[in-house]
Amino acid sequence: MTRVLREFGNTMQKEAVPAVSADVILKMSKFPTYKIGANNQIVEVKEDPKTLSMKEVVARETAQLIEQQKRLSVRDLANKFEKGLAAAAKLSDEARLREAASLEKHVLLKKLRDALESLRGRVAGRNKDDVEESIAMVEALAVQLTEREGELIQEKSEVKKLANFLKQASEDAKKLVDAERSFYRAEIENAREAVQRVEEALKAQEQLSRASGKQDVEELMKEVQEARRIKMLHQPSKVMDMEHELIALRIKLVEKSKQSRQLQKELERSKKSEELSNVYELDGPEILGSYLQIQTCSDQAPELSSCSIQWFRVSSEDGKRELISGATKSLYAPEPFDVGRKLQADITADGQIIRVATTGPIDPAAGLGSYVEALVRKHDTEFNVVVTQMNGTDHSSPSIHVFHVGKMRMKLCLGNTTVAKEYYSASMQVLLCGVRGGGNAAAQALFWQAKKGLSFVLAFESERERNAAIMLARRLAFDCNIVLAGPDDRTSVPNA
């Protein structure tokens, strides 16, 4: 083998190498780069003069990572390390490919040298010298390729070191990210627990405040009740004295009223003493809850059974008379419509009309107005009654019925059975008034026509209950724009 000197490369650059033959021309001082392409063909690879070497690329990436390390976050640093690891892997792959290409170059150089050796045996003279120089140049290229392989091996080791460094840095970054994540998760859990504790404390405080407020109200109510009880214990005599005084004043007022009516009656009698027709008079208190009865004042007066009687209401303002339909008996119990009006009765005997009248307007019952106002506030008021007549026929059953007066309807029940019911409406045909005649119990009875063809006479426990039921029903019906009255009555509801 021919020995190649160190200055061989420089000598080859200065001297032109003549052509070996017509088919072989060396255009460059170094052997070109080849790779095996499709169909096992050798393809020349053109090198890019701007392409950086692997060492320069790794150095530049390392410098950029070091510069950016201070201003990157932990997550971004981990991403950069992962990208660097990927780049290192790529560089390792490229180094592997270059190693393969270098191996291919060795193979080609060996084939070329073998071809030149075989050619040297067949040529002579100057051509033989050229072939020997070509063989020497090939050997020099082989030496350079070997040196290049050494550099590649060194770069490969550096790349491996850098890859290991980047891999370790990536793992450290991941550990740091996991540590930061676990730390912040722990902080978030602590914050959530603190918020939950605060919410529980607020709920407990709210419940405690509600309980204490309720307890304070209950204690205050107990204190008020105790104060009222103590006040009643210390002042019972004053309350009783006031009640007794009120009762005494009421008794005196009733007595004075009776005396006044008696004096008025005597005055009327004295004024009518000259009249021959003055043979009848009205007897009874002129107050709601009582009854008035026509009595004879002379033995020569005709019997009332043989006379026809008709009662009238007389307005105290204009003196207009209003016929009371159905009031044709000698006894009449005033009802709430009659309060504030005078009552007259025309007695027809032998073709002659004799007129008797009250001395003044009918007075209201004491305390009835406030009693009715209290009942109006209720949704439904019940009265115990006995049905004495039904559809004009005497009712022999003594069973206790319940008469309901509500805000929207009236109802009569026997136990759980509804006997009659009617709502306040424009189409209703309801009549409600006091019984107009019927004996001493007329002041406790009322007439109720629930609908056409169904009527009742109801007896109450007292005159107060009867008048309260009439006033309450008319008041609630009037609130629904309905007027409840007796037969042929066309009068608005008066105030109690």
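Higher on the page you've got the structure.
Everything quoted here is computed from the prediction, not taken from an experiment.

Trainee: Give a detailed account of a negative patch on the surface, specifying residues and quantitative values.
Mentor: On the surface, Asp-216, Glu-218, Glu-219 and Glu-223 cluster together into a patch of negative charge. Looking at where Glu-219 falls in the secondary structure, it is placed in helix H4 (residues 126-234). Taking the relative accessible area as the measure of exposure, Glu-219 reaches 38% and is therefore partly exposed.

Trainee: Describe the sheet that holds strand E8 (residues 342-349), naming the residues involved and giving the relevant values.
Mentor: Backbone hydrogen bonds are what pair the strands of a sheet, in a parallel or an antiparallel way. The strand order E6-E5-E8-E9 describes an open sheet built from 4 strands, whose pairing is antiparallel. Strands at the two margins of the open sheet, each flanked by one partner only, are strand E6 (321-323) and strand E9 (352-357). The mean angle between the axes of side-by-side strands here comes to 30°, regardless of whether they run parallel or antiparallel. Sheet analysis places strand E5 (residues 308-314) next to E8, joined by 7 bridges and oriented antiparallel. Its bridge partner being in E8, Gln-310 is matched across the sheet by Asp-346.

Trainee: Help me get a handle on the packing of aromatic side chains, residues and values and all.
Mentor: Across all of its chains, the model carries 6 aromatic pairs by this definition. Note on Phe-183 and Tyr-184: the rings are 5.4 Å apart at their centroids and 70° apart in plane angle, and the pair reads as edge-to-face. Exposure remark for Phe-183: the relative accessible area of 44% places this residue in the partly exposed category. Their ring planes at 70° and their centres at 5.9 Å tell us that Phe-383 and Phe-460 sit as a pair that is edge-to-face. Of the two residues, Phe-383 sits in strand E10 (residues 380-390) while Phe-460 sits in strand E17 (residues 454-460), which places them 77 residues apart along the sequence. In this structure Phe-460 comes out as buried when scored by relative accessible area, which is 5%.

Trainee: Now, about helix H7 (residues 463-479): what can you tell me, with residues and values included?
Mentor: In an α-helix, one full turn covers 3.6 residues, which means residues spaced three or four apart are oriented alike. Here H7 spans 24 Å end to end across 17 residues, near enough to the 24 Å set by a 1.5 Å rise per residue. The buried fraction of H7 is high, at 12 of 17 residues. Those residues of H7 lying buried are Glu-465, Arg-466, Asn-467, Ala-468, Ala-469, Ile-470, Met-471, Leu-472, Ala-473, Arg-474, Leu-476 and Ala-477.

Trainee: So what about helix H6 (residues 368-376)? Which residues, and what values?
Mentor: Of the positions making up H6, those classed as buried are Leu-368, Val-372, Leu-375 and Val-376. Each buried residue of H6 lies within a common arc of 105° when the element is viewed along its axis, so the set occupies one face.

Trainee: Please give an account of the sheet that holds strand E3 (residues 280-283) that cites residues and values.
Mentor: The strand order across the open sheet built from 3 strands is E3-E4-E7, with neighbouring strands paired in antiparallel fashion. Looking along the sheet, the strands with just one partner apiece sit at the ends: E3 and strand E7 (331-332). In this sheet, strand E4 (residues 292-296) lies alongside E3 in antiparallel orientation, the contact comprising 4 bridges. Looking at the pairing, Asp-283 lines up with Gln-293 of E4.

Trainee: Give me the lowdown on the pairing of E4, citing residues and values where you can.
Mentor: When E4 meets E7, the two strands line up antiparallel, connected through 2 bridges. Bridge pairing in E7 places Gln-293 opposite Leu-331.

Trainee: Describe the environment of Leu-472, with residues and values.
Mentor: For Leu-472, the location among the structural elements is in helix H7. If we skip the residues at most four places from it in the chain, Leu-472 touches Val-372, Leu-375, Val-376, Thr-381, Phe-383 and Val-405.

Trainee: Lay out the nonpolar core in plain terms, naming residues and giving numbers.
Mentor: Counting 34 residues, the largest nonpolar core has Phe-383, Phe-403, Met-410, Tyr-424, Trp-448, Leu-458 and Leu-484 as its most contacted members. Broken down by secondary-structure element, the contributors of at least two residues to this core are H6, E10, strand E12 (400-406), strand E13 (409-414), strand E16 (445-451), E17 and H7. Top element by residues in this core is H7. It accounts for 8 residues. When near neighbours in sequence (up to four residues on either side) are disregarded, Tyr-424 contacts Val-405, Gly-406, Lys-407, Met-408, Arg-409, Met-410, Ala-473, Leu-476, Ala-477, Cys-480, Ile-482 and Leu-484.

Trainee: Describe in detail unusual backbone geometry, supporting the description with residues and values.
Mentor: You will see that Asn-391, though not glycine, has its phi angle at about 55°, which is positive. Structurally, Asn-391 is set in the loop between E10 and strand E11 (393-394). With a relative accessible area of 40%, Asn-391 lands in the partly exposed category. One non-glycine residue with positive phi stands out, namely Asn-481, at about 65°.

Trainee: Explain the environment of Leu-446 to me, using residue names and the numbers behind them.
Mentor: Structurally, the position occupied by Leu-446 is in strand E16. For Leu-446, the residues in contact, after removing those within four places along its chain, are Leu-432, Cys-433, Gly-434, Val-435, Phe-456, Val-457, Leu-458, Phe-460, Arg-466, Ala-469 and Ile-470.

Trainee: Run through the packing of H6 against H7, naming residues and quoting values.
Mentor: Two elements in contact, H6 and H7, have axes whose closest approach is 10 Å; the angle formed by their N-to-C orientations is 55°. Taken together, the axes of H6 and H7 lie oblique to each other. Handedness of the crossing formed by H6 with H7: right-handed. Residues Leu-368, Tyr-371, Val-372, Glu-373, Leu-375 and Val-376 of H6 pack against Arg-464, Glu-465, Asn-467, Ala-468, Met-471, Leu-472, Arg-475 and Leu-476 of H7.

Trainee: Residue-level account of the pairing of E10, with values.
Mentor: Two elements, E10 and E12, share 7 bridges in a ladder whose sense is antiparallel. Across the sheet, the residue bridging to Thr-381 is Val-405, located in E12. Here E10 pairs with E17 via 5 bridges, running antiparallel. From the neighbouring strand, Met-390 faces E17, where its bridge partner is Phe-456. Where E10 lies against E11, 2 bridges are found, and the strand directions are antiparallel. Note on E11: the bridge partner recorded for Met-390 is Thr-393. Joining the antiparallel neighbours E10 and E11 is a turn of 2 residues, in which Asn-391 adopts a positive phi near 55°.

Trainee: Just give me the short version of the pattern of salt bridges, but keep the residues and values in it.
Mentor: Scanning all chains against the criterion turns up 13 salt bridges. The residue Glu-322 makes a salt bridge to Arg-313 at a minimum N-O spacing of 3.5 Å. Judged by its relative accessible area of 1%, Arg-313 is buried. When the shortest N-O distance is used, the salt bridge between Arg-475 and Glu-373 registers 2.8 Å. With Arg-475 in helix H7 and Glu-373 in helix H6, the pair connects residues that are 102 residues apart, well separated along the chain. The exposure class assigned to Arg-475 is partly exposed, which follows from its relative accessible area of 30%. Given a relative accessible area of 35%, Glu-373 falls into the partly exposed group.

What counts, and where the lines are drawn
Numbers given to residues run from 1 along each chain, matching the order in which its sequence is written. The model is predicted, so local features are restricted to residues of pLDDT at least 70 and side-chain atom pairs to those at 80 or more, both for listing and for counting; the totals for chains, interfaces and linings are taken over all residues. In computing side-chain values, all of the structure's heavy atoms are included and hydrogens and water are not. Residues enter patches when they are more than 30% accessible in relative terms and free of salt bridges; like-charged ones are connected within 9 Å and nonpolar ones (Val, Leu, Ile, Met, Phe, Trp, Tyr) within 5 Å. Calculation of accessible area relied on Shrake-Rupley with a 1.4 Å probe; when residues are assessed, cover is drawn exclusively from the protein chains displayed. A side-chain nitrogen of Lys or Arg and a carboxyl oxygen of Asp or Glu constitute a salt bridge if their distance falls within 4 Å. Positive charges come from Lys and Arg alone, negative charges from Asp and Glu alone, with His and the N- and C-terminal ends not counted. Each charge is placed at NZ for Lys, CZ for Arg, CG for Asp and CD for Glu. In this text, helices come from DSSP runs of H or I with a minimum length of four residues, and strands from runs of E with a minimum of two, each type numbered from the N-terminal end. Burial here depends on accessible area, computed with a 1.4 Å probe over protein chains only, as a share of the maximum for the residue type. Under 20% is buried, over 50% is exposed, and the range in between is partly exposed. The pairing criterion is simple: DSSP has to find at least two bridges between the two strands. Interaxial angle, 0 to 180 degrees, is taken between N-to-C directions of lines fitted to C-alpha atoms, where a helix line uses only the stretch in contact. Working definition: rings of Phe, Tyr and Trp (its six-membered ring) pair if their centres are within 6.5 Å, and the pair is stacked with planes under 30 degrees apart, edge-to-face with planes over 60 apart, and tilted otherwise. What a helix is expected to span follows from its residue count: subtract one and scale by 1.5 Å. The arc in question is the one spanned by the directions pointing from the helix axis to the C-beta atoms. Contact between two residues is taken to exist if any of their heavy atoms lie within 4.5 Å; hydrogens are not considered. We call a set of buried Ala, Val, Leu, Ile, Met, Phe, Trp, Tyr and Cys residues a nonpolar core when their side-chain atoms join them within 4.5 Å. Between 65 and 115 degrees an angle is taken as roughly perpendicular, under 35 as roughly parallel, over 145 as roughly antiparallel, and anywhere else as oblique. Helix crossings get a hand from a simple test, with the near helix turned counterclockwise from the far one by less than a right angle marking a left-handed crossing and a clockwise turn marking a right-handed one.

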